[in-house]
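# Inside the fold
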Number of protein chains: 4
Amino acid sequence: MNPKRGPDPNDQKMNPQGEARETHPSHETKLRVRYAETDQWGAVYHSNFFIWFEVGRVELLRSLGLPYKEMEQQDDSHTVVVEVRCSYEKPARYDDIIRIRTWVAESKEKTLRFAYEVFHDETGALLARGETLHVICDGQGRPKPLPAKYRARIPITAASG
Amino acid sequence: MNPKRGPDPNDQKMNPQGEARETHPSHETKLRVRYAETDQWGAVYHSNFFIWFEVGRVELLRSLGLPYKEMEQQDDSHTVVVEVRCSYEKPARYDDIIRIRTWVAESKEKTLRFAYEVFHDETGALLARGETLHVICDGQGRPKPLPAKYRARIPITAASG
Amino acid sequence: MNPKRGPDPNDQKMNPQGEARETHPSHETKLRVRYAETDQWGAVYHSNFFIWFEVGRVELLRSLGLPYKEMEQQDDSHTVVVEVRCSYEKPARYDDIIRIRTWVAESKEKTLRFAYEVFHDETGALLARGETLHVICDGQGRPKPLPAKYRARIPITAASG
Amino acid sequence: MNPKRGPDPNDQKMNPQGEARETHPSHETKLRVRYAETDQWGAVYHSNFFIWFEVGRVELLRSLGLPYKEMEQQDDSHTVVVEVRCSYEKPARYDDIIRIRTWVAESKEKTLRFAYEVFHDETGALLARGETLHVICDGQGRPKPLPAKYRARIPITAASG
């Protein structure tokens, strides 16, 4: 398995109901857990993983030459979140270095589905896996096709959506 | 349909992969959207819905006479999050009053699944629906059966889990 | 001392460098501490008090008939934060009911200074006190005088600022 | 002025009421603004700067060979926050690289005062400056002297506190 090309396809079933097949190369980024992200149980509060997914997604887009800031400002294209899921395997702890692997799991005319795996960087232990589904919208929230310049880097992988 | 008893069973399919059948009475609680919860898109950042789910879950437990604080402190029982999902229908806006309907969707020996619907209180519009699955754990993170005193209020609805 | 009119003037020195004199009636609002607001030390993470100050400020304005949402949308007047401070007396704990007392400590042509006291509602213990200074700005961030309709409810208390 | 030794002493007055004299070398760390940190005004919500201060403080301690995680776990020494302040000069925007300069402004037997300056990394513009005062406490919240091993790296700069 090539760690830069997403996880093992045999290991892709995020949960019994869904799949997160790899259809594009994955990207990895790291961050360090902040004290503010922990809760009194002594681990990272679960909703913070979705903020980490945001970091992974934005860095994946940047690695493709598609800074999300420009996508919003220059192309009036916003990736509005319509569905998210995450399953947690092990707790993330304060000060740990976290590695987030992100890839495009599905790409339709007006939607993008990203998949994520979160690892404890030092041990390589899988902490969580998740998905987020986005509709491309203009500034008024109306769905629109992903502009051609982005589509060139993120080819369509599934029928219109 | 009795609004205090959870949503219409015919309207329960959260997404094509899952179901959130009502198996216990639902509880409703309200909160007002904070400025801090918005993002530059002009609506509530999506991960905050999971914090609102926490509010709904805790108030449901309180309404059953089971304050979560005591569950942790007196009974060493923590509802560790192992899986979450949310689908978003409409944006939540600053200063809106939000109504969260919460119910136990599934109850096994060592797990609880909560389901949620988030409404714009004034218009009644559905903003989001979601689920969270929790494993009952002791202070060291070891799974344990939900103590009898809680089980009496939350009867088991599915085979051991 | 009238609890609805702000704290005892003899008890006003927030810290050796500042004063938070009462110049307008105070307003009180309550909220319950969320699990997400705690950290692994077992109490509320300190920056969350500024979010609670926001809640107190917005509810004070609402009680004066000045919803902040309308202030932004209808009058293009934003209370941009330029200075904040907080001193912490005791930790706030999960599930506690918190009472926030808020008042306008200073009002100039283009600035408003709010002061806050945070109490544990059940015991009345003071948990924290703070201040926030705001410049009234239009949508482009340019300072402007507070519109007359707001000024009528929040009279100027200090020389132009 | 040596950028690695803290800001110009002539430029130290954080606000009219306070001073943040440099008494130890400063440390710089960078981070990128997350979408989740913005609000509907279109800039970073003000309380998030205190989370960035945490990042700066922890990285300063790490650079001194004093990981805060070990300070808590091995030496039962927690830097409990008792006073904070921040003044904001310019807004921080989504996706900006932020540079945080942190130094120990005051060190007494049982307290540490950290000072911070936040810069827009690309332009060098000062965005904010702030301070946090901490009391060293054990796990039960009782004040205690900073252990010798930390004191060796952070010499006392002011009379007992």
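Described in the following lines is the structure provided in the data block. All figures in this text were calculated on a predicted structure; none of them were measured in a lab. (Residues numbered from 1 in each chain as written. Chains lettered and ligands numbered in written order. Predicted model: local features only at pLDDT ≥ 70, side-chain atom pairs only at ≥ 80, totals over all residues. Heavy atoms only, no water.)

### Points about the relation of the copies chain D and chain C
What counts is decided by this rule: We place the copies in one frame by least squares, fitting the C-alpha atoms of every residue whose pLDDT is at least 70 in both. Note on contacts: a residue pair is in contact if any heavy atoms of the two residues lie within 4.5 Å.
In the superposition of chain D on chain C (RMSD 0.0 Å, axial shift 0.0 Å), the rotation amounts to 180°. Here the transformation between the copies is reduced to the relation of a two-fold axis. Identified as the residue of chain D closest to the rotation axis by C-alpha distance is arginine 85 of chain D, at 2.0 Å. Residue by residue, 96% of the interface of chain D is reproduced at the interface of chain C, so both copies engage with the same surface.

### Brief notes about the pattern of salt bridges
All names here are of chain B. We count it as follows: Here, a salt bridge means any Lys or Arg side-chain nitrogen found within 4 Å of an Asp or Glu carboxyl oxygen. Secondary structure elements follow DSSP: runs of H or I no shorter than four residues count as helices, runs of E no shorter than two count as strands, and numbering proceeds from the N terminus. Using a 1.4 Å probe on the protein chains alone, a residue whose accessible area is under 20% of its type maximum counts as buried, one over 50% counts as exposed, and one in between counts as partly exposed.
One pass over the full model with this rule turns up 64 salt bridges over all chains. Between arginine 99 and glutamate 28 there is a salt bridge; the shortest N-O distance is 3.5 Å. Here arginine 99 is found in strand S3 (residues 97-107), whereas its partner glutamate 28 is found in strand S1 (residues 27-32), with 71 residues between them in sequence. The same class applies to arginine 99 as to glutamate 28, namely buried. Arginine 32 is the partner of aspartate 95 in a salt bridge, and the nearest nitrogen-oxygen pair spans 3.5 Å. With aspartate 95 in the loop between strand S2 (78-88) and S3 and arginine 32 in strand S1, the pair connects residues that are 63 residues apart, well separated along the chain.

### Re the interface of chain D and chain C
Convention followed: Take the accessible area each of two parts loses on contact, using a 1.4 Å probe, and add the two losses: that sum is the buried area. For the purposes of these results, a polar contact is taken to be a pair of N or O atoms within 3.5 Å, where, inside protein, one atom must be able to donate a hydrogen and its partner to accept one; residues adjacent in sequence count only when each atom of the pair is a side-chain atom.
With 27 residues of chain D in contact, the opposing surface of chain C contributes 26 residues. Interface area for chain D against chain C, summed over the two sides, is near 2,100 Å², with a carbon-plus-sulfur share of 58%. Counting the contacts that link chain D with chain C gives eight residue pairs in polar contact (both at pLDDT 80 or more). Broken down by secondary-structure element, the contributors of at least two residues to the side of chain D that touches chain C are helix H1 (48-63) and strand S2 (78-88) of chain D. The element that contributes the greatest number of residues to the side of chain D that touches chain C is S2 of chain D, accounting for 10 residues.

### As for the relation of the copies chain A and chain C
Both copies of the chain are related by one operation, a rotation about an axis with a shift along it. If you rotate chain A by 180° and push it 0.0 Å along the axis, it lands on chain C with an RMSD of 0.0 Å. Comparing interface residues between copies, 100% of those in chain A also lie at the interface in chain C; the contact surface is shared.

### Brief notes about helix H1 (residues 48-63) of chain C
Residues and elements named next belong to chain C. The following threshold applies: Expected span, for any helix, means 1.5 Å times one less than how many residues it has.
If you check H1, its first and last C-alpha atoms are 23 Å apart, about what 16 residues at 1.5 Å a residue would give, namely 22 Å. Among the 16 residues that make up H1, 14 are buried, leaving the element largely enclosed by the rest of the structure. Residue glycine 65 follows H1 closely and has a positive phi angle near 80°.

### So, the sheet that holds strand S1 (residues 27-32) of chain A
This is how the line gets drawn: Strand pairing requires that DSSP identify at least two bridges connecting the strands. Lines fitted to C-alpha atoms define the axes here, with helix axes fitted over just the stretch in contact, and angles between the N-to-C directions of these axes take values from 0 to 180 degrees.
Reading across from one edge, S1(A)-S3(A)-S4(A)-S5(A)-S2(A)-S2(B)-S5(B)-S4(B)-S3(B)-S1(B) is the order of the 10 strands in this open sheet, with antiparallel pairing throughout. Only two strands of the sheet have a single neighbouring strand rather than two, namely S1 of chain A together with S1 of chain B. Sheet twist, expressed as the mean angle between neighbouring strand axes with direction ignored, is 25°. Where S1 of chain B meets S3 of chain B, six bridges bridge the pair, whose relative direction is antiparallel. When the sheet's bridge partners are listed, lysine 30 of chain B is paired in S3 of chain B with arginine 99 of chain B.

### Digging into the interface of chain A and chain C
For the record, the criterion: Gly is put with the polar residues, along with every residue not named as nonpolar or charged; the nonpolar set is Ala, Val, Leu, Ile, Met, Phe, Trp, Tyr, Cys and Pro, and the charged set is Asp, Glu, Lys and Arg.
Contact with chain A, which involves nine residues of that partner, is made by nine residues of chain C. Here chain A packs against chain C, burying approximately 900 Å² in sum over the two surfaces, 58% of which is carbon and sulfur. Among the residues chain A hides against chain C, the three largest losses belong to Tyr35, Gln40 and Tyr45 of chain A. Together they make up 60% of the total. The interface formed by chain A and chain C contains six residue pairs in polar contact (both at pLDDT 80 or more). Split into classes, the residues belonging to the side of chain A that touches chain C amount to five nonpolar, three polar and one charged.

### Describing the packing of aromatic side chains
The test is simple: Working definition: rings of Phe, Tyr and Trp (its six-membered ring) pair if their centres are within 6.5 Å, and the pair is stacked with planes under 30 degrees apart, edge-to-face with planes over 60 apart, and tilted otherwise.
For the coordinates displayed, the defined rule picks out 30 aromatic pairs over all chains. Note on phenylalanine 53 of chain C and tyrosine 116 of chain C: the rings are 4.2 Å apart at their centroids and 5° apart in plane angle, and the pair reads as stacked. Highlighted residues: phenylalanine 53 of chain C in helix H1 and tyrosine 116 of chain C in strand S4 (residues 111-120), separated in sequence by 63 residues. Neither residue differs from the other here; phenylalanine 53 of chain C and tyrosine 116 of chain C are each classed as buried. Joined through ring pairs, the aromatic side chains of Phe50, Phe53 and Tyr116 of chain A together with Phe50, Phe53 and Tyr116 of chain B make up one cluster.

### Some thoughts on the environment of arginine 93 of chain B
Residue and element names in this part refer to chain B. The topology assignment puts arginine 93 in the loop between S2 and S3. Take arginine 93: its relative accessible area is 37%, and that puts it in the partly exposed class. For the pair arginine 93 and tyrosine 45, spaced 48 residues apart in sequence, the C-alpha separation works out to 9.8 Å. Look past the residues within four positions of arginine 93 in its chain and what remains in contact with it is Val33, Gly42 and Ala43. At 3.1 Å, the side chain of arginine 93 and the backbone oxygen of glycine 42 are in polar contact.

### Re the environment of tryptophan 41 of chain A
Position of tryptophan 41 of chain A relative to the elements: it lies in the loop between S1 and helix H1 (48-63). The exposure class assigned to tryptophan 41 of chain A is partly exposed, which follows from its relative accessible area of 23%. Placed 39 residues apart in sequence, tryptophan 41 of chain A and valine 80 of chain A show a C-alpha to C-alpha distance of 31 Å. Ignoring anything within four residues of it in the chain, the contact list for tryptophan 41 of chain A reads His78, Val80, Cys137, Asp138, Gly139 and Gly141 of chain B together with Tyr35 of chain C.

### Thoughts on the state of the cysteines
Note the threshold: Any two cysteine sulfur atoms within 2.5 Å of one another count as a disulfide.
In the structure shown here, the tally under the stated rule is zero disulfides over all chains. No disulfide involves cysteine 86 of chain C; its nearest neighbouring cysteine sulfur is the one of cysteine 86 of chain D, lying 13 Å away. Counting only cysteine sulfurs, cysteine 86 of chain C is the nearest neighbor of cysteine 137 of chain D, a cysteine outside any disulfide, at a range of 16 Å. Residue class for cysteine 137 of chain D comes out buried when judged on its relative accessible area of 5%.

### Focus: the sheet that holds strand S3 (residues 97-107) of chain D
Here we have 10 strands laid out as an open sheet, ordered S1(C)-S3(C)-S4(C)-S5(C)-S2(C)-S2(D)-S5(D)-S4(D)-S3(D)-S1(D), and antiparallel in their pairing. Two strands lie at the open edges of the sheet, namely strand S1 (27-32) of chain C together with strand S1 (27-32) of chain D, each paired on one side alone. Sheet twist, expressed as the average angle between the axes of neighbouring strands with direction ignored, equals 25°. Sheet topology places S2 of chain D next to strand S5 (residues 126-137) of chain D; 10 bridges connect them, and they run antiparallel. Looking at the pairing, valine 84 of chain D lines up with threonine 132 of chain D of S5 of chain D.

Distances and angles like these do not, on their own, reveal function.
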